[in-house]
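# Observations on the three-dimensional arrangement
Read off the chains here:
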2 protein chains.
Amino acid sequence: VTVSDLTEAELVARIQSRLPPAPDWLIVGIGDDAAVVEPARGRLEVLTVDSVVEGVHFDRRFTPPGAIGHRALAVNLSDLAAMGAQPRLALLSLALPATLACGDFDELVGGLTALATRERLTVVGGNLTRSPGPLVVDVTVAGTVKRRQALTRGGARPGDGIFVTGTIGAAAAGLQMLRAARPELQGNGQRCAADEQDAAGVQRCIHRYLYAQPRIRIGLLLARNRAATACMDLSDGLADGVRRVAEASGVGILLDADRLPIDPGARRWFDACGADPVVEALSGGDDYELVFASRPKLLGRLRAVTAHGGVPVTRVGVCTPEPGLLVRRGRESAGTTIPLPLGFSHFR
Amino acid sequence: VTVSDLTEAELVARIQSRLPPAPDWLIVGIGDDAAVVEPARGRLEVLTVDSVVEGVHFDRRFTPPGAIGHRALAVNLSDLAAMGAQPRLALLSLALPATLACGDFDELVGGLTALATRERLTVVGGNLTRSPGPLVVDVTVAGTVKRRQALTRGGARPGDGIFVTGTIGAAAAGLQMLRAARPELQGNGQRCAADEQDAAGVQRCIHRYLYAQPRIRIGLLLARNRAATACMDLSDGLADGVRRVAEASGVGILLDADRLPIDPGARRWFDACGADPVVEALSGGDDYELVFASRPKLLGRLRAVTAHGGVPVTRVGVCTPEPGLLVRRGRESAGTTIPLPLGFSHFR
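Summary of the structure given here. As the structure is a computational prediction, the values presented were derived from the model and not from experiment.

In this section: the sheet that holds strand β3 (residues 44–53) of chain A. Spatially, the six strands line up as an open sheet ordered β5(A)-β4(A)-β6(A)-β3(A)-β2(B)-β1(B), and their pairing is mixed. Looking at which strands have only one partner, the edges of the open sheet turn out to be β5 (122–131) of chain A together with β1 (26–28) of chain B. Across the sheet, the axes of successive neighbouring strands diverge by a mean angle of 20 degrees, strand direction being ignored. Note: β1 of chain B against strand β2 (residues 35–37) of chain B, two bridges, orientation antiparallel. Its bridge partner being in β2 of chain B, Leu-26 of chain B is matched across the sheet by Val-37 of chain B. Across the face of the sheet, helix α1 (residues 8–16) of chain A comes into contact with β4 (86–97) and β5 of chain A while running at roughly 145 degrees to β5 of chain A. The strands that helix α3 (residues 102–118) of chain A touches are β4, β5 and β6 (136–145) of chain A; relative to β4 of chain A, the one it contacts most, it runs at about 165 degrees.

As structure tokens, then:
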């Protein structure tokens with residue numbers, strides 16, 4: 001049974017059956033021309049849209065449908081986290097190939113609604129259409145933030161430290177591991193075998209690629225405590241994130257390669273593949289961690305945040321007055337600096 | 001030059017160059033992880049998302065890029081109009097084939113931003129990705145409405161009149177005319193030649209298909225004057241609209257075929273093709289008119305609305321206590337009734 005055997009109303013009903021009861025502020029929900037909501041009192045609204053496209057952001061041959069749904073929402077929640085916003089609602093727009101099995105549709109929706117429920121986010125509406133090509137999941141989310149607490153990319157100043165939440169590199173390694181397990185999908189390189197690695201590290205990297213957790217909690221705490229001067233999420237990798245914070249803030253950034261919190265399983269994988277773990281971890285995307293800047297005098301606030309943020313925070317560099325993005329490798333005294341590698345880009 | 005020759009930042013800059021200056025309420029606009037906006041004071045928010053997919057909602061072989069951009073926004077504004085909402089902001093999510101010419105990209109964006117500017121709607125953010133398949137334009141819009149003024153599909157009662165704005169059938173005829181002009185695209189039927197028709201009628205139908213105008217103004221007036229008991233837009237045709245209003249309101253609806261405001265050019269076209277103009281006009285979509293219900297005692301208010309709505313309004317039927325959707329053909333005394341034809345459906 002595929003989605004083309006069901007009516008649009010039946011597909012919508014399958015989505016609705018996975019949603020928790022509607023909150024009071026939802027005045028008109030799914031089923032009318034548009035949703036009507038009561039705005040959150042005394043707060044600003046934070047809005048973003050992001051899509052995941054089959055063949056670009058995921059490969060259905062090794063990405064379970066639940067992970068596709070999870071990712072489609074996670075990329076958006078990660079943007080809210082980077083602004084310090086509390087998630088509130090989502091609209092889903094799905095373009096479905098006629099051949100999509102109903103079970104896969106249910107799992108996809110289930111992956112998305114499970115994350116939505118966990119983060120107390122309400123699906124208020126959406127749109128279903130068929131796709132003559134790839135599966136496309138487009139999600140719009142809205143969150144709220146208090147006035148003057150929104151975190152932007154543009155507030156870092158020379159002397160601010162650069163910090164990263166959690167670990168990096170695991171999602172990129174996880175994707176390579178999934179590909180390596182399917183030799184028919186491999187292009188050049190990445191011919192390592194995952195079974196030469198530690199099983200726990202492999203499993204962690206793959207799970208990280210498939211089910212990355214947006215850093216909502218620490219984003220909220222950074223905003224509420226005004227502990228960060230700039231913030232952004234790492235959807236396209238740390239190199240890309242650092243570059244954008246530097247551009248928006250008008251500073252340079254010097255990273256210290258030795259301090260990067262590279263996932264140990266990912267490091268082992270990249271080493272075994274003959275790749276440079278630092279370059280791979282800097283340029284690999286999909287970790288959905290946050291990079292943020294914080295002033296030395298905010299250290300007390302930052303400690304309070306990290307004590308309750310639920311994720312480690314590592315200082316990985318510093319903002320410099322002179323423009324430029326550099327990575328220092330080796331000990332501080334004897335090390336060399338190299339230009340920052342590029343992150344992932346969809347276009348040129 | 002195609003979009004794959006440009007960076008994402010360059011493509012975003014091309015969009016931004018077509019946008020008017022940002023309003024005061026936009027606190028963080030395009031270029032950060034998310035947009036931050038000040039909610040409209042004392043009003044409810046109305047949110048909807050809709051996408052147009054190449055090969056499903058438009059055919060690039062005879063739809064100019066500007067019309068694709070126009071349509072992607074118009075379908076959403078039409079949903080806001082049906083709720084009686086004032087448009088406020090939009091988020092754009094574009095999935096672009098690598099072969100899309102930059103000039104076509106600019107025209108697409110131009111078609112969308114021209115309509116946005118005309119309706120004083122602000123583009124606050126979005127997302128660009130490449131597509132390995134069709135061009136997909138996904139637009140989310142937010143508008144505002146005063147408490148207790150939102151129009152839903154669910155308020156019609158037996159005895160209420162059913163009204164339609166403007167004319168119907170022109171967009172469906174326009175699409176057939178565009179296809180007929182390209183014999184290589186024709187499937188079965190629709191082999192009429194447009195040049196047998198009156199030139200003005202043909203031009204009007206084609207323009208209507210390509211650049212349908214969402215009925216924002218009359219939607220707002222119906223809401224403000226509480227002149228309608230239910231309302232919905234005709235994206236999937238009048239038959240579909242009437243069916244959904246009837247379902248949501250728990251009434252039956254009897255339409256009068258002789259009163260349907262079928263565009264005269266469309267009627268001539270359907271006649272020449274040997275098709276039944278009533279069935280075609282009822283089931284054809286893309287007109288983006290509104291269908292609404294209004295109570296006899298609201299007639300005074302309705303007259304005030306139609307005097308300033310900028311579009312004719314026609315009474316086409318009545319809500320009945322017994323369920324069922326019927327169309328009466330011929331004179332009231334001697335006519336026959338037939339079941340309502342189905343509207344367009346993406347799925348089964």
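Next comes the rest of the description.
Turning to the interface of chain A and chain B, a few remarks are in order. In this assembly, 63 residues from chain A lie in contact with 61 residues from chain B. The junction of chain A with chain B conceals about 5300 Å² of combined surface from both sides, 57% of it contributed by carbon and sulfur atoms. The interface formed by chain A and chain B includes 21 residue pairs in polar contact (both at pLDDT 80 or more). In terms of residue count, β3 of chain A provides more of the side of chain A that touches chain B than any other element does, nine residues in total. Residue classes in the side of chain A that touches chain B are distributed as 30 nonpolar, 16 polar and 17 charged. As paired strands, β3 of chain A and β2 of chain B are joined by three bridges and run antiparallel to one another. Bridge pairing in β2 of chain B links Glu-45 of chain A to Val-37 of chain B.

Another point: unusual backbone geometry. Its identity is not glycine, yet Asp-286 of chain A carries a phi of approximately 75 degrees, on the positive side. Looking at the element boundaries, Asp-286 of chain A is found in the loop between α9 (277–283) and β10 (290–294). Located in the positive-phi region is Arg-226 of chain B, a residue other than glycine, with phi close to 45 degrees. With respect to the helices and strands, Arg-226 of chain B occurs in the loop between α6 (216–224) and β8 (230–233).

Next up on the list: the relation of the copies chain A and chain B. Least-squares fitting of chain A to chain B yields an RMSD of 0.0 Å, with the transformation described by 0.0 Å of translation along the axis and a rotation of 180 degrees. Interpreted geometrically, this transformation is the action of a two-fold axis. Taking C-alpha positions as the reference, the residue of chain A nearest the rotation axis is Gly-133 of chain A, at 2.6 Å. A share of 97% of interface residues in chain A that are also interface residues in chain B marks the association as one of identical surfaces.

Our next topic: the packing of α1 of chain A against α3 of chain A. Residue and element names in this part refer to chain A. Interaxial distance between α1 and α3 falls to 10 Å at its minimum, and their mutual angle equals 40 degrees. One way to sum up the angle between α1 and α3 is to call them oblique. When you trace α1 past α3, the crossing you get is right-handed. Mapping the contact onto sequence places Leu-11, Arg-14 and Ile-15 in α1 and Cys-102, Phe-105, Asp-106 and Val-109 in α3.

Next up on the list: the sheet that holds strand β12 (residues 325–329) of chain B. Residue and element names in this part refer to chain B. Spatially, the seven strands line up as an open sheet ordered β8-β10-β7-β11-β9-β12-β13, and their pairing is mixed. A strand with exactly one partner marks an edge of an open sheet, and here the two such strands are β8 and β13 (336–339). Adjacent strand axes in the sheet meet at a mean angle of 25 degrees, parallel and antiparallel pairs treated alike. Here β12 runs beside β13; their pairing, made up of four bridges, is antiparallel. Across the sheet, Arg-329 pairs through a bridge with Thr-336, a residue of β13.

Rules used throughout
- Residues numbered from 1 in each chain as written.
- Chains lettered and ligands numbered in written order.
- Predicted model: local features only at pLDDT ≥ 70, side-chain atom pairs only at ≥ 80, totals over all residues.
- Heavy atoms only, no water.
- Pairing = 2+ DSSP bridges.
- Helix = DSSP H or I, 4+ residues; strand = E, 2+ residues; numbered from the N terminus.
- Axes fitted to C-alpha atoms, helices over the stretch in contact; angles between N-to-C directions.
- Contact = heavy atoms within 4.5 Å.
- Buried area = accessible area lost by both parts, 1.4 Å probe.
- Polar contact = N/O pair within 3.5 Å; in protein donor to acceptor, adjacent residues only side chain to side chain.
- Nonpolar A, V, L, I, M, F, W, Y, C, P; charged D, E, K, R; others polar.
- Least-squares fit on C-alpha atoms with pLDDT ≥ 70 in both.
- Parallel < 35°, antiparallel > 145°, perpendicular 65-115°, else oblique.
- Left-handed = near helix turned anticlockwise from the far one by under 90°.

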